[in-house]
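As a plain string of letters, each chain reads:
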Amino acid sequence: MSVKPKRLVNSYEERMLEFLQTCINENYRIHPQVSLCQFCELGIGLDIKLRNFFFSSSVDALIINKDYKPCLVVEFQSRYHDPHEAKERDNKKLHLLTLAGVPLLYSRIKDCGLLHLYSENEQVIFNLFTGENRENAKTLIRNYCEPSNFANLRAIA
């Protein structure tokens, strides 16, 4: 029997993490592949299926502030998130993060190099080749990371 280390992220996730790094300043850190139960506390009243999901699920990227508190979760979407079962898992994750008060953004590359950053309420499309809307994408990430900005975003939603 043997155990070997493996790469924590794939090449798509690596590119997304590199982009996210350009969006934040030194007061924030990005952690890939973090279990939900590491940064959220489970309250009472959740059904057993949701509780099991809570303990078995992770997020693609967690951005924390200098006090090690979660600011933003970014989920990297691909065609593997298109089937019904995957959408159900995504909805469960969104529900748990909403209960915890941790905002969630999705990212997905579509149409030959267009990076879509979106939530239930907003979307920014950033052209990876031309750089068009790069600043809008960065601003979206920064707005969720700054506590005062996030409070304003929640009030609007």
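It should be emphasised that the depicted structure is a prediction, and the values quoted were computed from it without experimental measurement. (Residues numbered from 1 in each chain as written. Predicted model: local features only at pLDDT ≥ 70, side-chain atom pairs only at ≥ 80, totals over all residues. Heavy atoms only, no water.)

Help me understand helix 4 (residues 84–100), please; the structure alone is not making it clear to me.
Because each turn of an α-helix spans 3.6 residues, side chains separated by three or four positions in sequence point in the same direction. For helix 4, with 17 residues, the first-to-last C-alpha span of 24 Å sits near the 24 Å given by 1.5 Å per residue. Of all the residues in helix 4, the buried ones are Ala86, Asp90, Lys93, Leu94, Leu96 and Leu97. What you see down the axis of helix 4 is that its buried residues fit within an arc of 165°, all on one side. Along helix 4, exposed side chains directed more than 90 degrees from the buried face belong to His84 and Leu99. Trailing helix 4 by a residue or two, Gly101 shows a phi angle of about 75°, which is positive. (Helix = DSSP H or I, 4+ residues; strand = E, 2+ residues; numbered from the N terminus. Expected span 1.5 Å × (residues − 1). Buried < 20%, exposed > 50% of the residue type's maximum accessible area, 1.4 Å probe, protein only. Arc of directions from axis to C-beta.)

Can you help me understand the layout of surface pockets in this one?
Gaps between atoms show up when a probe of the same size as a water molecule is rolled over them. In this structure, the second largest pocket spans a volume of roughly 270 Å³. Together, 13 residues line the second largest pocket, and Tyr12, Gln77, Ser78, Arg79 and Tyr80 are the ones closest to its centre. Broken down by secondary-structure element, the contributors of at least two residues to the lining of the second largest pocket are helix 1 (11–23) and strand 4 (104–110). A breakdown of the residues in the lining of the second largest pocket according to their chemical character gives four nonpolar, four polar and five charged. (1 Å grid on protein atoms, 1.4 Å probe; cavity = no way out; pocket = protein on both sides within 12 Å on 5 of 7 lines; lining within 4 Å. Points joined across faces, edges and corners; volume = space filled by probe spheres on them. Nonpolar A, V, L, I, M, F, W, Y, C, P; charged D, E, K, R; others polar.)

Help me understand the environment of Met16, please; the structure alone is not making it clear to me.
Tracing the backbone through its elements, the reader meets Met16 in helix 1. Among the residues examined, Met16 registers a relative accessible area of 3% and is labelled buried. The sequence separation of Met16 and Val74 amounts to 58 residues, and the corresponding C-alpha distance is 9.3 Å. Each residue touching Met16, except ones within four places of it in the same chain, is listed here: Phe76, Ser107 and Leu115. (Contact = heavy atoms within 4.5 Å.)

I would appreciate a short explanation of the pairing of strand 5 (residues 114–118) in the present structure.
Across five bridges, strand 4 lies against strand 5 in antiparallel orientation. Residue pairing in the sheet places Tyr106 in a bridge with Tyr118 of strand 5. With antiparallel pairing between neighbouring strands as the criterion, strand 4 and strand 5 make up a hairpin whose turn holds three residues, including Asp111 at a positive phi of roughly 50°. As paired strands, strand 5 and strand 6 (residues 123–127) are joined by five bridges and run antiparallel to one another. Across the sheet, residue Tyr118 finds its bridge partner in strand 6, namely Gln123. The hairpin formed by strand 5 and strand 6 contains four residues between the paired strands. (Pairing = 2+ DSSP bridges.)

What is the right way to read the nonpolar core from this model?
Soluble globular proteins: nonpolar side chains tend toward being buried together. Ranked by internal contacts, the top residues of the largest apolar core, which has 26 residues, are Phe19, Leu20, Ile63, Leu72, Phe76 and Ile141. When contributions to this core are tallied by element, the ones reaching two or more residues are helix 1, strand 1 (28–35), strand 2 (58–65), strand 3 (70–76), strand 5, strand 6 and helix 5 (134–145). Here this core takes six residues from helix 1, the largest share from any one element. If near-sequence neighbours (up to four positions away) are discounted, Phe76 is found in contact with Tyr12, Glu13, Met16, Leu17, Leu20, Asp60, Ala61, His81 and Ser107. Residues Val34, Leu36, Ile64 and Leu96 belong to the second largest nonpolar core, which totals 18 residues. (Core = buried A, V, L, I, M, F, W, Y, C linked by side-chain atoms within 4.5 Å.)

Teacher, can you tell me more about the confidence of the model for the protein here?
Predicted coordinates in regions of low pLDDT should not be interpreted in detail. Averaged over every residue, the pLDDT of the protein is 88; the share at 70 or more is 93%. pLDDT under 50 marks residues 150–157. Its contacts with residues more than four places away, or in other chains, come to nine contacts. (pLDDT = per-residue confidence, 0-100.)

Sorry, what's going on with the packing of helix 1 against helix 5 here?
It is the contact of helix 1 with helix 5, at a shortest axis distance of 9 Å, that shows an interaxial angle of 80°. Overall, the two elements helix 1 and helix 5 adopt an arrangement that is roughly perpendicular. Contact residues: helix 1 offers Phe19, Leu20, Thr22 and Cys23, while helix 5 offers Arg134, Ala137, Lys138, Ile141 and Arg142. (Axes fitted to C-alpha atoms, helices over the stretch in contact; angles between N-to-C directions. Parallel < 35°, antiparallel > 145°, perpendicular 65-115°, else oblique.)

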